[in-house]
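# Notes for the structure review
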Amino acid sequence: MNTDLRESLQREFPHLEFLHEKEDLIPYSFDGTAAHYSQAELVVFPKTTEDVSRLVRFASDRSVPIVTRGSGSGLSGGSLPIPGGLIVCLSKMDRILEVDTKNLCLRAEAGAITAQIAQAADAAGLFYPPDPGSMRISTIGGNIAENSGGLRGLKYGVTRDYVMGLEVVLASGEVIFTGSKCVKDVAGYSLRDLFIGSEGTLGIVTQVVLKLIPKPQARRTLLAIYNKMEDAAETVSAIIAAKIIPCTLEFLDAMTINSVEDYAKVGLPRDAAAILLMETDGPSGAVEDEAAKMADLARQHHAREVKIAQTAEESFQLAEARRAAFSALARVAPTTILEDATVPRSELARTVKFIQETADRYGLKVGTFGHMGDGNLHPTFLTNEKNEEEMHRVESAMKDIFDFAVGLGGTITGEHGVGVAKKPFLAKALGDLNISVMRQVKKSFDPKGILNPGKIFDL
Ligand SMILES: Cc1cc2nc3c(=O)[nH]c(=O)nc-3n(C[C@H](O)[C@H](O)[C@H](O)COP(=O)(O)OP(=O)(O)OC[C@H]3O[C@@H](n4cnc5c(N)ncnc54)[C@H](O)[C@@H]3O)c2cc1C
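Residues numbered from 1 in each chain as written. Predicted model: local features only at pLDDT ≥ 70, side-chain atom pairs only at ≥ 80, totals over all residues. Heavy atoms only, no water.

### Describing the packing of helix 8 (residues 229-241) against helix 10 (residues 284-300)
Interaxial distance between helix 8 and helix 10 falls to 9 Å at its minimum, and their mutual angle equals 140°. Looking at the two axes, helix 8 sits oblique to helix 10. In this structure, helix 8 crosses over helix 10, and the sense of that crossing is right-handed. Of helix 10, the residues touching helix 8 (which contributes Thr235, Ala238 and Ile239) are Met294, Leu297 and Ala298. Of the residues contributing to the contact of helix 8 with helix 10, the split by class is 5 nonpolar, 1 polar and no charged. (Axes fitted to C-alpha atoms, helices over the stretch in contact; angles between N-to-C directions. Helix = DSSP H or I, 4+ residues; strand = E, 2+ residues; numbered from the N terminus. Parallel < 35°, antiparallel > 145°, perpendicular 65-115°, else oblique. Left-handed = near helix turned anticlockwise from the far one by under 90°. Contact = heavy atoms within 4.5 Å. Nonpolar A, V, L, I, M, F, W, Y, C, P; charged D, E, K, R; others polar.)

### A short note on the sheet that holds strand 9 (residues 175-179)
Here we have 5 strands laid out as an open sheet, ordered 5-6-10-8-9, and antiparallel in their pairing. Because the sheet does not close on itself, it has two edges, and the strands there are strand 5 (96-100) and strand 9. Across this sheet, the average inter-strand angle for adjacent strands is 10°, counted without regard to direction. As paired strands, strand 8 (residues 163-169) and strand 10 (residues 204-211) are joined by 6 bridges and run antiparallel to one another. Considered in strand 10, the bridge of Val169 is made with Ile204. (Pairing = 2+ DSSP bridges.)

### Structural notes on the environment of Thr139
Turning to its location among the elements, Thr139 is positioned in the loop between strand 7 (126-127) and helix 5 (140-146). The class for Thr139 is buried, based on a relative accessible area of 3%. Residues Thr139 and Phe30, spaced 109 residues apart in sequence, show a C-alpha to C-alpha distance of 16 Å. Contacts of Thr139, omitting those with residues within four sequence positions, involve Gly70, Ser71, Ala110, Gly111, Ala112, Ile113 and Thr114. Within the structure, Thr139 has its side chain in polar contact with the backbone nitrogen of Gly142 (distance 3.0 Å). (Buried < 20%, exposed > 50% of the residue type's maximum accessible area, 1.4 Å probe, protein only. Polar contact = N/O pair within 3.5 Å; in protein donor to acceptor, adjacent residues only side chain to side chain.)

### Looking at the packing of aromatic side chains
For the structure on display, the rule yields 8 aromatic pairs. Between Phe127 and Tyr156, the ring centres sit 5.4 Å apart and the planes meet at 90°, which makes this aromatic pair edge-to-face. On the criterion of sequence distance, the pair formed by Phe127 in strand 7 and Tyr156 in helix 6 (residues 153-156) is long-range, its members being 29 residues apart. Above the ring of Phe58, the side-chain terminus of Arg62 is found at 3.6 Å from the ring centroid. The ring of Tyr162 has Lys211 sitting right over it, with the charged end atom 5.3 Å from the ring centre. (Phe/Tyr/Trp six-rings, centres within 6.5 Å; stacked < 30°, edge-to-face > 60°. Lys NZ or Arg CZ within 6 Å of the ring centre and 35° of its normal.)

### Examining the site of the ligand
Within the structure, the ligand sits among 35 residues, and Thr68, Ser73, Ser134, Thr139 and Ser148 are positioned closest to it. Within the backbone of Gly149, one N or O atom sits 2.9 Å away from an oxygen atom of the ligand. Burial of the ligand by the protein chains amounts to 95% of its free accessible area of 980 Å². Among the elements of the structure, strand 3 (66-69), helix 5 and strand 10 are those that each provide at least two residues to the shell around the ligand. In terms of residues, the shell around the ligand owes the most to one element, helix 5, which gives 5 residues. Class assignment for the residues of the shell around the ligand results in 8 nonpolar, 23 polar and 4 charged. (Near = heavy atom within 4 Å. Areas by Shrake-Rupley, 256 points an atom, 1.4 Å probe, with all protein chains shown as cover.)

### Quick look at the pattern of salt bridges
Opposite charge on two side chains permits them to pair, given that their charged atoms come into close proximity. In this structure the tally under the stated criterion is 31 salt bridges. For Glu347, the salt bridge goes to Arg350, with nearest N and O atoms at 3.0 Å. The salt bridge partner of Glu389 is Arg393, with a shortest N-O separation of 2.8 Å. Residue Glu389 and its partner Arg393 are both found in helix 14 (residues 388-407); the two are separated by 4 residues, about one turn of the helix. A relative accessible area of 46% places Glu389 in the partly exposed class. For Arg393, a relative accessible area of 22% puts it in the partly exposed group. Members of the salt-bridge network, linked through shared partners, are Asp131, Arg136, Arg152, Glu320 and Arg323. (Salt bridge = Lys/Arg side-chain N within 4 Å of Asp/Glu carboxyl O.)

### Examining the sheet that holds strand 16 (residues 335-338)
If you trace the 7 strands from one edge of the open sheet to the other, you get 15-12-14-13-17-18-16, paired in antiparallel fashion. Edge positions in the open sheet fall to strand 15 (305-308) and strand 16, since each of these has one partner strand only. Strand after strand, the sheet turns through a mean of 15° between neighbouring axes, direction not considered. Alignment of strand 16 against strand 18 (residues 376-383), held across 4 bridges, turns out to be antiparallel. Within the sheet, the bridge partner assigned to Thr336 lies in strand 18 and is Leu382. Across the sheet, helix 9 (residues 254-264) is in contact with strand 13 (248-253), strand 14 (274-282), strand 17 (365-371) and strand 18; its angle to strand 13 comes to roughly 90°.

Put into structure tokens, the structure is as follows:
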């Protein structure tokens, strides 16, 4: 960004904090996607919707690209800077504005941290279910932009299912509110739904109204241990086919189990080929019944042991072990490339086998974990971006896995979004006509192409 532009921005917004020194910009030059980097040039921290609106007008008048940023925990390169552009980071707009216990909803600024939203709901005796593994760092704006999932997606759905209303700054700088506190609202097109999962390319979310639900009465957490990965996958398919919908059905393979043990030492079995972490919640009687059925199905599918957590502390420890998976794998090699392939749940066993065979075929190290109950797997390649030849092999392996998933009726991303990381694979997953319709939507919302250009697809 040229100095004149930066100085006039700083003059126009004297009450805002800016970062422009090279060392301050390093953390804003990448997100959680290790292999992607782009030098940030200027970061600004708005404090109000009015600030965001004026910043967008300023940028629009001069055709300066804007990248919105929450916490930068994204895993598809969505908040990577655009050369010559401005980063609008909403981390200072983090207030929880209202917990409305009469209408069971909560209103917050878009920079509020997901875990704080969950805690505010809990303090009011209510429940905000979406819980991405990153919930202690991610912002609700980032969750909405990525339509983030999480460990409870199987039973409770994803972020989209809890968004009632959004305040959004459009590419013109105008501010709209879309949606309402009403449970039913079908007046016109659902613009709200268009913004969810749009990865910061259609507007900047500044405030959100989220649906809350009553807290489940009871919960039970189980750990099933396997000598074969495919048996764990078959258990998941069998649980779903038995019409049991637990709130959590998470998978960790041997590499992930051992990395978590090295990192967090929670007592997972190092010699297992895979474990399933299962949780059921709801009315007490139903929970006991469901837990017993899941334990039976796990044994029928050759679990060598099924443990049922006896205390809330034990349940929490197990969930923490799962949450630590990505960070634990990230310590194994200099570069972790985490994928997000998703398949119909009946195809899980074939898919975990294919992932391992693919890694072996290319001579690569892979750890696989994920929200298996959703069919959402995170094969994570443990590599070194400085080794160009190995990176080519990783790319080929990823392509093979995406082709395999799409061939099974699956998709290239279940929750992390397209950003720049999955862009080369989007046409394969969606076809050209779908992308062409998306381009038209983008053009009508953002005719000058200033909002996160080059992400998801090129115009
Ligand atoms: C350890 C770890 C575990 C994770 N686990 C999960 C998981 O279980 N499930 C899951 O779905 N994801 C997971 N993620 C990915 C990531 O946390 C989510 O994508 C999250 O929603 C990103 O939020 P953020 O605030 O960090 O957004 P950022 O990374 O800053 O931005 C992500 C995208 O959203 C856009 N954006 C951000 N804020 C706004 C806004 N206010 N308005 C418009 N656009 C905006 C950005 O431009 C960018 O395109 C994990 C990441 C890590 C590092």
